[in-house]
Amino acid sequence: MKFRKIGVLTSGGDAPGMNASVRAVVRTALENGIEVLGIIGGYSGLINDKVIPLTARDVSNSIAKGGTLLLTDRCDEFKTPEGMAKAIETCKKHHIDAIVAIGGDGTFRGATDLTNHGIPTIGVTGTIDNDISATDYTVGFDTAMNTVIEMVDRLRDTGESHARCMVTEVMGRHCGEIALLTGIASGAVAVAIPEIDFDVEACIKKMIQLRAEGKRSFQIIVSEGVGGMKSDFGEELAEILEERTGIETRFNRLGHIVRGGIPTLRDRLAASRMGAKAVDLLLEGKSNLVVCEIDSDIVPVDINYSFALDKMYKKKLKDGDLDAFTEEQIKEMREFCARKTAYVKELYDLANALAK
Ligand code: F6P
C-alpha cells in the first residue's frame with residue numbers, strides 16, 4: 001500500500017532520544033514522498049484532534065534535545081471504545097493512513113488497538129526502563145544511566161567526606177536494569193533489584209567487614225520496584241543499615257531527574273535507526289510491529305509476540321496467552337527467558353564480586 005500521510009506520536013513517560021526518533025520518522029517519510037503529521041500529547045492528542053504538519057526543518061536540532069517536543073501523556077480515555085472512536089475520527093479527518101507510536105509497553109498496547117481498528121501502526125521504543133523483553137535496548141536507557149552515574153559520583157564525594165553510606169533509589173518500574181548496570185558502573189557495595197531477592201544480612205556483614213578494613217564510604221543502588229511499586233524498600237533499608245552497622249546512612253531518591261537531559265550518542269543512534277526503520281516497515285506494507293534492537297541489528301518483532309514474551313519473562317502468563325503461537329515460537333521464548341535470567345544473575349553476581 002502506498003501511504004500519503006502518516007502520523008507520529010510520543011506516549012507514556014518521556015525518554016531522552018524520543019525527539020531523535022521523531023526526526024528520523026519525519027525525514028525518512030518526507031524522503032519517500034509521504035507527508036507527516038505530529039500528534040501532540042500522545043494518544044490524547046489523537047482523541048482531541050491536536051495535530052500539526054511537520055517539515056524537515058521543524059525537527060532541526062531536535063536530535064540534541066531531551067524530553068519530547070511532541071509532548072506526551074498517559075491516556076486512559078484511549079483505552080475506552082469512545083476514546084478509540086474519536087481517535088479514528090481524527091485519523092479519517094486528516095487522512096492519516098498509518099501511525100508511528102514512540103514509547104513503552106502502554107504505548108504499544110495503544111498501537112495494537114489502533115492497528116486492530118484499521119490504522120496500521122508501528123511501535124518504536126522510547127522508555128528509560130529497558131523493560132521491553134523483545135528488544136535488547138530501549139531508547140532513553142543509556143542517557144538515564146549516565147545521569148544516575150553522575151549523581152552517584154556526586155553522592156560519593158559527600159559520602160567519602162563524611163564516611164557515610166548512600167542508598168540511592170533509581171527508576172525502572174518492575175525492571176532492575178537501570179539499578180543493576182549503574183550499580184556495577186558506580187562501584188556500589190550492593191544492588192537491590194526486583195528480579196532477585198536482596199540479602200540484607202549479607203549486606204550488613206559486608207559493610208561491617210569493609211569498614212573494619214578501612215572503607216569510608218558506601219554506595220548502594222536500589223531499584224524503585226523492589227518490594228512492589230508502593231513499597232519504601234530503599235528508605236527502610238537505609239534505616240536498617242544505619243542501625244545495624246553503626247555507619248551513618250542517607251537515602252536519596254533520584255526520581256524524575258534521570259528522565260531529563262541531553263540524549264547520549266547511544267540513544268541518538270538507536271532512536272535514529274529505529275525511527276527510520278519504522279517508516280521503512282510501513283512502506284513495506286507491515287504493521288503491528290515493534291522496532292527492536294537485537295544483537296546490534298534493528299529488526300521488527302510482532303507486537304503480540306513481544307507482549308507474550310514480556311509476560312513469560314515476568315512470570316505473568318495466564319491461560320490462553322500462548323495459544324496464538326507455534327511450538328517453535330514458544331520454545332524460542334522459553335530459551336530467551338532462560339538467557340535473560342542468566343544474564344541478570346551474572347551481572348548481579350559481578351556487582352557483588354567487585355564490591356570491596
Ligand atoms: O516508565 C518510565 C518511568 O520513568 C518509570 O521508571 C517510572 O516508574 C514511571 O515512568 C514514572 O511515571 P510518572 O512519570 O508517570 O510518574
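Residues numbered from 1 in each chain as written. Predicted model: local features only at pLDDT ≥ 70, side-chain atom pairs only at ≥ 80, totals over all residues. Heavy atoms only, no water.

## Focus on the domain arrangement of the chain
- Assigned domains of the chain: these are domain 1 (5–140 + 263–303) and domain 2 (142–259 + 342–354).
- The C-alpha-based centres of domain 1 and domain 2 are spaced at 34 Å.
- At the interface, 14 residues of domain 1 touch 12 residues of domain 2.
- Between domain 1 and domain 2 lies a buried interface of about 1,100 Å² when both sides are counted; carbon and sulfur atoms form 48% of it.
- Area buried by domain 1 at its contact with domain 2 is led by Ile128, Asp129 and Thr264, which between them contribute 43% of it.
- At the junction of domain 1 with domain 2, the criterion picks out 1 salt bridge.
- Between Asp14 and Arg259 there is a salt bridge whose closest N-O contact spans 2.7 Å.
- Taken together, the links from domain 1 to domain 2 amount to 10 residue pairs in polar contact (both at pLDDT 80 or more).
- Taken together, the residues of the side of domain 1 that touches domain 2 break down into 4 nonpolar, 4 polar and 6 charged. (Domains from an automatic or database assignment. Contact = heavy atoms within 4.5 Å. Buried area = accessible area lost by both parts, 1.4 Å probe. Salt bridge = Lys/Arg side-chain N within 4 Å of Asp/Glu carboxyl O. Polar contact = N/O pair within 3.5 Å; in protein donor to acceptor, adjacent residues only side chain to side chain. Nonpolar A, V, L, I, M, F, W, Y, C, P; charged D, E, K, R; others polar.)

## Considerations on the nonpolar core
- By size, the foremost hydrophobic cluster in this structure holds 112 residues, and its most contacted members are Ile6, Leu46 and Ile220.
- Split by domain, the residues of this core number at least three in each of domain 1 (5–140 + 263–303) and domain 2 (142–259 + 342–354).
- Non-local contacts of Ile220, meaning those with residues more than four positions away in its chain, are made with Cys165, Met166, Val167, Thr168, Ala188, Val189, Ala190, Cys203, Met207, Leu237 and Leu241. (Core = buried A, V, L, I, M, F, W, Y, C linked by side-chain atoms within 4.5 Å. Buried < 20%, exposed > 50% of the residue type's maximum accessible area, 1.4 Å probe, protein only.)

## Considerations on the sheet that holds strand 4 (residues 98–103)
- In space, the 7 strands of this open sheet follow the order 3-2-1-4-5-10-11, with mixed pairing throughout. Each end of this open sheet is capped by a strand with a single partner; those strands are strand 3 (51–54) and strand 11 (297–302). Mean inter-strand twist for the sheet, computed between neighbouring axes without regard to direction, equals 30 degrees.
- Set on the sheet, helix 1 (residues 18–31) makes contact with strand 1 (5–10), strand 2 (35–39), strand 3, strand 4 and strand 5 (121–125); between it and strand 1 the angle comes to about 175 degrees.
- Contacts from helix 10 (residues 303–313) reach strand 10 (289–294) and strand 11 within the one sheet, and its direction differs from that of strand 11 by about 90 degrees. (Pairing = 2+ DSSP bridges. Helix = DSSP H or I, 4+ residues; strand = E, 2+ residues; numbered from the N terminus. Axes fitted to C-alpha atoms, helices over the stretch in contact; angles between N-to-C directions.)

## Quick word on the packing of helix 6 (residues 177–185) against helix 11 (residues 327–354)
- At a closest axis distance of 9 Å, the pairing of helix 6 and helix 11 adopts a crossing angle of 35 degrees. Considering the relative orientation of helix 6 and helix 11, their crossing is left-handed. When helix 6 is examined against helix 11, the residues Glu177, Leu180, Leu181 and Ile184 are found in contact with a partner set consisting of Lys340, Tyr343, Val344, Leu347, Tyr348, Leu350 and Ala351.
- In the contact of helix 6 with helix 11, the residues fall into 9 nonpolar, no polar and 2 charged. (Left-handed = near helix turned anticlockwise from the far one by under 90°.)

## Quick word on the site of the ligand
- Taken together, the residues surrounding the ligand are Arg74, Thr127, Ile128, Asp129, Met171, Gly172, Arg173, Glu224, Met229, His256 and Arg259.
- Between the ligand and the protein, one listed contact pairs an oxygen atom with a side-chain N or O atom of Arg74 at 2.9 Å.
- In the model, an oxygen atom of the ligand is placed 2.5 Å from a nitrogen or oxygen of the Glu224 side chain.
- Contact with the protein chains covers 77% of the free accessible surface of the ligand, which is 400 Å².
- Here the shell around the ligand is built from residues that sort into 3 nonpolar, 3 polar and 5 charged.
- Counting only domains with at least three residues in the shell around the ligand, you end up with domain 1 (5–140 + 263–303) and domain 2 (142–259 + 342–354). (Near = heavy atom within 4 Å. Areas by Shrake-Rupley, 256 points an atom, 1.4 Å probe, with all protein chains shown as cover.)

## With respect to helix 4 (residues 105–116)
- Relative to the 16 Å expected for 12 residues at 1.5 Å per residue, helix 4 spans 17 Å between its end C-alpha atoms, a close match to the ideal helical length.
- Among all positions in helix 4, only Thr107, Phe108, Gly110, Ala111, Thr112, Leu114 and Thr115 are buried.
- Buried residues along helix 4 sit in contact with helix 2 (43–47), helix 3 (81–93), strand 4, strand 5, strand 10 and helix 10.
- Positive backbone phi, at 95 degrees, marks Gly118, one or two positions downstream of helix 4. (Expected span 1.5 Å × (residues − 1).)

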